[in-house]
Amino acid sequence: MSFLKKHLEWFVSAGAGLLIAAAVILFERSDYDQPVLLRMLCDGAFVAGIFLTGFGALIMVAAEGGFDAMGFAIHTLLRKFSPRKDRFASRQTYSEYKAARHTKKRPNVKCVLLTGMAYIALAGVLLALYYR
């Protein structure tokens, strides 16, 4: 297996951060009269880090079952009011629903959170260089 295929999720999350940072840099370049490169890089890395860290934390909470209660409520409502009741299994308890949800293999989502933290650390380094 090649290195790229093995670590594709890391490259995708880093690329998403680069796109966010590039959008922030382009916005700041057109917004200010005298753009400063270190300030723009710091702001871009910080915004990308905040977005990726927040999104990664949300994904990790969902992967650990933090939103299973809402999913069970929606499943129960759909089962109750659906005209096609045959597409749903028989009535399940919450523990059965949760056990069935966690038998599925979930992808590793820590890469988004850790990439976001790396962008925040990069923003801290760039901020220190800017104020030096």
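Check the entry above for the structure.
In this convention, every chain numbers its residues from 1, walking through the sequence in written order. Where totals are concerned, whole chains, interfaces and linings use all residues; where local detail is concerned, this predicted model gives features only for residues with pLDDT of at least 70, and gives and counts side-chain atom pairs only at 80 or more. Hydrogens and waters are ignored; side-chain quantities use all the structure's heavy atoms.

## Regarding the packing of helix α2 (residues 8-31) against helix α6 (residues 110-131)
Worth spelling out the cut-off: Think of each axis as a best-fit line through the C-alpha atoms, taken over the contacting stretch in the case of a helix, with angles from 0 to 180 degrees between the N-to-C directions. Elements are defined by DSSP. Helices are runs of H or I of four residues or more, strands are runs of E of two residues or more, and each kind is numbered from the N terminus. Convention used here: angles under 35 degrees read as roughly parallel, angles over 145 as roughly antiparallel, angles from 65 to 115 as roughly perpendicular, and any remaining angle as oblique. Here a crossing is called left-handed whenever its near helix is offset anticlockwise from the far helix by less than a right angle, and right-handed whenever the offset is clockwise. Any two residues having at least one pair of non-hydrogen atoms within 4.5 Å are treated as being in contact. Throughout, the ten residues Ala, Val, Leu, Ile, Met, Phe, Trp, Tyr, Cys and Pro are labelled nonpolar, Asp, Glu, Lys and Arg are labelled charged, and all others, Gly among them, are labelled polar.
In contact at an axis separation of 9 Å, α2 and α6 are set at 45° when each is read in the N-to-C sense. Considered as vectors, α2 and α6 are oriented oblique to each other. Between α2 and α6 lies a crossing of right-handed hand. Between α2, through E9, W10, S13, A14, G17 and L18, and α6, the contact on the second element is made entirely by C111, V112, L114, T115 and Y119. Each residue belonging to the contact of α2 with α6 can be placed in one class, and the counts come to seven nonpolar, three polar and one charged.

## Overview of the environment of G15
What counts here: Remark: exposure states derive from per-residue accessible area (1.4 Å probe, protein chains only) relative to the maximum for the residue type, with buried under 20%, exposed over 50%, and partly exposed in between.
Along the chain, G15 falls in helix α2. G15 sits in the partly exposed class, given a relative accessible area of 26%. As a C-alpha pair, G15 and D43 span 28 residues in sequence and 17 Å in three-dimensional space.

## Some remarks on α6
Given 3.6 residues per helical turn, the α-helix brings residues three or four places apart onto the same face. For clarity, the threshold we go by: Here, expected helix span is obtained from the residue count minus one, scaled by 1.5 Å.
The terminal C-alpha atoms of α6, which comprises 22 residues, lie 32 Å apart, in line with the 32 Å expected from a rise of 1.5 Å per residue. C111, V112, L113, T115, G116, Y119, A123 and L126 are the residues of α6 that are buried. On the buried face of α6, the contacting elements are α2 and α3 (37-63).

## Comments concerning helix α4 (residues 68-81)
Worth spelling out the cut-off: By arc we mean the arc of the directions from the helix axis to the C-beta atoms, nothing more.
The terminal C-alpha atoms of α4, which comprises 14 residues, lie 20 Å apart, in line with the 20 Å expected from a rise of 1.5 Å per residue. Along α4, the residues that are buried comprise D68, F72 and H75. The arc that holds the buried residues of α4, viewed along the axis, is 65°, so those residues lie on one side. Of the exposed residues in α4, the ones pointing more than 90 degrees away from its buried face are I74, K80 and F81. Looking at the buried positions of α4, the neighbouring elements they touch are α5 (94-101).

## As for the packing of aromatic side chains
Filter applied, for reference: Two rings from Phe, Tyr or Trp (for Trp, the six-membered ring) form a pair when their centres sit within 6.5 Å of each other. Planes less than 30 degrees apart are called stacked, planes more than 60 degrees apart edge-to-face, and all others tilted.
Scanning all chains against the criterion turns up two aromatic pairs. Ring geometry for F3 against F11: centres 6.1 Å apart, planes inclined by 75°, an arrangement best described as edge-to-face.

## A closer look at a nonpolar patch on the surface
Quick reminder of the rule: Patch definition: residues with relative accessible area over 30% and no salt bridge; like charges joined within 9 Å; nonpolar side chains (Val, Leu, Ile, Met, Phe, Trp, Tyr) joined within 5 Å. A 1.4 Å probe and the Shrake-Rupley method give the accessible areas. Residues count as covered only by the protein chains that appear here. Salt bridges, as used here, are contacts in which a Lys or Arg side-chain nitrogen is within 4 Å of a carboxyl oxygen on Asp or Glu.
Together, F3, L4, L8, F11 and V12 make up an exposed nonpolar region whose accessible area comes to about 520 Å². Where the nonpolar patch is concerned, the elements lending two or more residues are α1 (3-6) and α2. It is α2 that contributes the most residues to the nonpolar patch, three residues altogether. Within the secondary structure layout, F11 lies in helix α2.

## Remarks on the packing of α4 against α5
Across the interface, α4 lies against α5 with an axial gap of 10 Å and an inter-helix angle of 110°. As judged from the angle between their axes, α4 and α5 are roughly perpendicular. Seen from above, α4 lies across α5 with right-handed handedness. Here α4 contributes D68, A69, G71, F72 and H75 to the contact with α5, which in turn contributes Y94, Y97, K98 and R101. Split by residue class, the contact of α4 with α5 holds four nonpolar, two polar and three charged.

Geometric descriptors of this kind do not, in isolation, establish any biological role.
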